[in-house]
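Listed below are the residues making up each chain.
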Amino acid sequence: MLAEYYGDLHIHIGRTQEGHPVKVTASRTQTLPCVFEKAVAEKGLHIIGIVDAACPRLYLELAGMVEKGDARELAGGGLCYRDRLTVIPGAEVETTEENGCHTHWLAFFPSLEMLREFSFSLSKHLTNPELSTQPCHLPARVLLREVTAVGGIFFPAHAFTPHKGVYGQCTRRIKELLGSEYFQSIFVLELGLSADTDMADHLEELANLTFLSNSDAHSLRNIGREFNVFLLEEPSWSELIKAFKRSGGRRVVANYGLNPKLGKYHRTFCLSCRRIATADPPVLTCPHCGSEHVVKGVFDRIAEIGDWPEPRHPEHRPPYNYQVPLSFLPGIGAKTVRRLLDRFGSEIEILHRASREDIVEAVGLRVAEVILQARAGNVTIRTGGGGTYGKVMGEEYGAV
Ligand SMILES: [Zn+2]
Ligand SMILES: [Zn+2]
């Protein structure tokens, strides 16, 4: 029987359990066991993707968990942690394209053996294989070939972001970058925090792809700030692949993510006068001081390269639902979050399902009002850009 499973497929690991750095920009509390526990116990997720698992030390840690019986390999692919969570091991890789651009991609594998094989072949192209997402000297086309040859899947990460997203600076069309033959083996695309379905569906070449909304969490609290609702027979690799390809009734039934205005790169940011653009997109030079020294916003980039002025959603496209994670809500501190979690179990439960009366009873009217107004989409947002997140403004709740 098909059932709904919540999955966030882009989570980083900061350190190994012995304290060796893995992803240097991720928090040091972000170890494998902490991430697993947080994902199940507080975030309400069923499936997570670990994107630094090709680093040899982390691979060994996962293999050790299997050896100790804390995790097991699933018949349908993927790992099962303590019978509570499906873990898909993978890697975020940075390619170097022929035009000199560096671009981020995600690769996932069904088994530890395949992951090890890929880790070995990737390590030959890296200066320090123990650190994740280091620039690799190969273009995406070549890596895609290596990943699929091993039995994995390969697709763009945060596709529209200005620095390392494939559309950000590297190309106007992925099909041109990869060639149409390789483009055919791309089934999915990660939208990134600053984009949503309405924005991405301005590009004709994406009509056939399934969109993913993942957190790209570098710290525990950000796990699940974006996630996907998958309709699957069971939470395993082979079922996920079917959902990516929308076969046998398996599919993504909904994306949950930030309002893209909250993303760090939504609008163009001027590096000279440090203003975030508000004029109609595309803003490609600063309207205030005329500087061309800008970080182009995702909204602006899509307006620049889109095929259509309005989005055209293919029939299969699921709804994209905005959510405002607790960490983005004004006036809700760690203590309140703890009380909410004790009462409702997980953040997904609190944000989307808990009733008004229950929230009021747990944390009082003011906090309940903040959560419910955000759930209804009644929030005022100061738009993000240039690497600074957008902000939910708090005056209307009497909180600052
Ligand atoms: Zn990235
Ligand atoms: Zn990442």
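Residues numbered from 1 in each chain as written. Chains lettered and ligands numbered in written order. Predicted model: local features only at pLDDT ≥ 70, side-chain atom pairs only at ≥ 80, totals over all residues. Heavy atoms only, no water.

Section: the overall build of the protein
Phase 1: Helix and strand counts for the protein come out as 14 helices and 16 strands.
Phase 2: The C-alpha radius of gyration computed for the protein amounts to 21 Å, which stays within 12% of the reference 21 Å derived for 400 residues, consistent with globular compactness.
Phase 3: Overall, the C-alpha framework of the protein stretches about 55 × 50 × 45 Å when taken along its three principal axes.
Phase 4: Total accessible area computed for the protein in this model is approximately 16,400 Å², and 50% of it derives from carbon and sulfur atoms.
Phase 5: If the 44 positive side-chain charges of the protein are averaged to one point and the 48 negative ones to another, these points end up 4 Å apart. (Helix = DSSP H or I, 4+ residues; strand = E, 2+ residues; numbered from the N terminus. Rg over C-alpha atoms; globule rule 2.2 N^0.38 Å. Areas by Shrake-Rupley, 256 points an atom, 1.4 Å probe, with all protein chains shown as cover. Lys, Arg positive; Asp, Glu negative; His and termini not counted. Charge placed at Lys NZ, Arg CZ, Asp CG, Glu CD.)

A short note on the domain arrangement of the protein
Phase 1: The domain architecture assigned to the protein consists of domain 1 (3-260) and domain 2 (325-378).
Phase 2: A C-alpha centroid distance of 29 Å is found between domain 1 and domain 2.
Phase 3: Contacts between the two partners involve 12 residues from domain 1, matched on the other side by 11 residues from domain 2.
Phase 4: Carbon and sulfur atoms supply 58% of the area buried between domain 1 and domain 2, which totals about 920 Å² over both sides.
Phase 5: In terms of surface lost to domain 2, no three residues of domain 1 exceed Y6, E42 and K43, which account for 45% of the buried area on that side.
Phase 6: The interface formed by domain 1 and domain 2 holds two salt bridges in total.
Phase 7: Taken together, the connections running from domain 1 to domain 2 amount to four residue pairs in polar contact (both at pLDDT 80 or more).
Phase 8: A per-element tally of the side of domain 1 that touches domain 2 places helix α1 (residues 32-43) first, with three residues.
Phase 9: For the side of domain 1 that touches domain 2, the per-class residue count stands at six nonpolar, two polar and four charged. (Domains from an automatic or database assignment. Contact = heavy atoms within 4.5 Å. Buried area = accessible area lost by both parts, 1.4 Å probe. Salt bridge = Lys/Arg side-chain N within 4 Å of Asp/Glu carboxyl O. Polar contact = N/O pair within 3.5 Å; in protein donor to acceptor, adjacent residues only side chain to side chain. Nonpolar A, V, L, I, M, F, W, Y, C, P; charged D, E, K, R; others polar.)

A look at the pairing of strand β10 (residues 227-232)
Phase 1: Taking burial as the measure, the six residues of β10 include six buried ones, the bulk of the element.
Phase 2: Alternating residues of β10 divide into F227, V229 and L231 and N228, F230 and L232, and every residue in both groups is buried.
Phase 3: As defined by bridge partners, β10 adjoins strand β11 (residues 251-257) across five bridges and the pair is classed as antiparallel. Looking at the pairing, L231 lines up with R251 of β11. (Buried < 20%, exposed > 50% of the residue type's maximum accessible area, 1.4 Å probe, protein only. Pairing = 2+ DSSP bridges.)

Overview of the pattern of salt bridges
Phase 1: Under the counting rule described, the total for this entry stands at 25 salt bridges.
Phase 2: One salt bridge connects D342 with R338, and the closest N-O pair in it is separated by 3.3 Å. Linking D342 with R338, this pair stays in helix α11 (residues 334-344), spanning four residues, or about one helical turn.
Phase 3: Given the relative accessible area of 58%, D342 is considered exposed.

What to know about the packing of aromatic side chains
Phase 1: Evaluated as defined, the whole model comprises 11 aromatic pairs.
Phase 2: Here the aromatic residues F108, F155, F230 and F244 are joined through ring pairs into a cluster of three or more. (Phe/Tyr/Trp six-rings, centres within 6.5 Å; stacked < 30°, edge-to-face > 60°.)

Examining the coordination of the zinc ion (ligand 2)
Phase 1: Protein coordination of the zinc ion (ligand 2) is provided by H10 (NE2), H12 (NE2), E92 (OE) and D216 (OD), with donor distances spanning 2.1 to 2.3 Å.
Phase 2: Taken together, the four donor atoms coordinating the zinc ion (ligand 2) span angles of 80 to 172° at the metal, a pattern that classifies the geometry as irregular.
Phase 3: One chain supplies every donor to the zinc ion (ligand 2), and in sequence these donors are spaced H-x1-H-x79-E-x123-D.
Phase 4: Separating the zinc ion (ligand 2) from the zinc ion (ligand 1) is a distance of 3.6 Å, and E92 supplies a donor atom to each of them. Taken together, the residues E92 in strand β5 (residues 85-96) and D216 in the loop between β9 (210-212) and β10 connect sequence positions 124 residues apart. (Donors = N, O, S within 2.8 Å, 3.2 Å for Na, K, Ca; no water. Tetrahedral: all angles 85-135°; square planar, octahedral: opposite > 155°, others 65-115°.)

Overview of the packing of α1 against helix α2 (residues 56-68)
Phase 1: Close contact between α1 and α2 brings their axes to 11 Å; oriented N to C, the two are set at 65°. Seen from α1, the contacting residues are L32, P33 and F36; seen from α2, they are L58, E61, L62 and M65.
Phase 2: Here the contact of α1 with α2 is composed, by residue class, of six nonpolar, no polar and one charged. (Axes fitted to C-alpha atoms, helices over the stretch in contact; angles between N-to-C directions.)

A look at α1
Each full turn of the α-helix corresponds to 3.6 residues, which orients residues three or four apart in the same direction.
Phase 1: Taking 1.5 Å as the rise per residue, α1 with 12 residues should run 16 Å; its terminal C-alpha atoms sit 15 Å apart, in good agreement.
Phase 2: Every buried residue of α1 is listed here: L32, V35, F36, A39, V40, E42 and K43.
Phase 3: Once α1 ends, the next one or two residues include G44, with phi positive near 80°. (Expected span 1.5 Å × (residues − 1).)

Side note on the coordination of the zinc ion (ligand 1)
Phase 1: Protein coordination at the zinc ion (ligand 1): the donors are E92 (OE), H104 (ND1) and H158 (NE2), at 2.0 to 2.1 Å from the metal.
Phase 2: Of note, the zinc ion (ligand 1) draws all its donor residues from one chain, in the sequence arrangement E-x11-H-x53-H.

A look at the layout of surface pockets
Phase 1: Space inside the largest pocket adds up to approximately 540 Å³.
Phase 2: Forming the boundary of the largest pocket are 24 residues, of which H158, D216, H218, K264 and Y265 lie nearest the centre.
Phase 3: Considering only residue class, the lining of the largest pocket consists of four nonpolar, 12 polar and eight charged.
Phase 4: By volume, the second largest pocket amounts to about 260 Å³.
Phase 5: Lining the second largest pocket are 13 residues, with K38, E42, R221, V337 and L341 positioned closest to its centre.
Phase 6: Broken down by class, the residue content of the lining of the second largest pocket amounts to five nonpolar, two polar and six charged.
Phase 7: When residues of the lining of the second largest pocket are assigned to domains, at least three fall in each of domain 1 (3-260) and domain 2 (325-378). (1 Å grid on protein atoms, 1.4 Å probe; cavity = no way out; pocket = protein on both sides within 12 Å on 5 of 7 lines; lining within 4 Å. Points joined across faces, edges and corners; volume = space filled by probe spheres on them.)

Notes on helix α13 (residues 356-363)
Phase 1: Regarding α13, the residues found buried are I359, A362 and V363. For α13, the buried positions fall inside an angular range of 70° around the axis, keeping them on one side. In α13, the exposed residues that point more than 90 degrees away from the buried face are E357 and E361.
Phase 2: Looking at the packing, one finds that the buried side of α13 touches α11, α12 (347-352) and α14 (365-375). (Arc of directions from axis to C-beta.)

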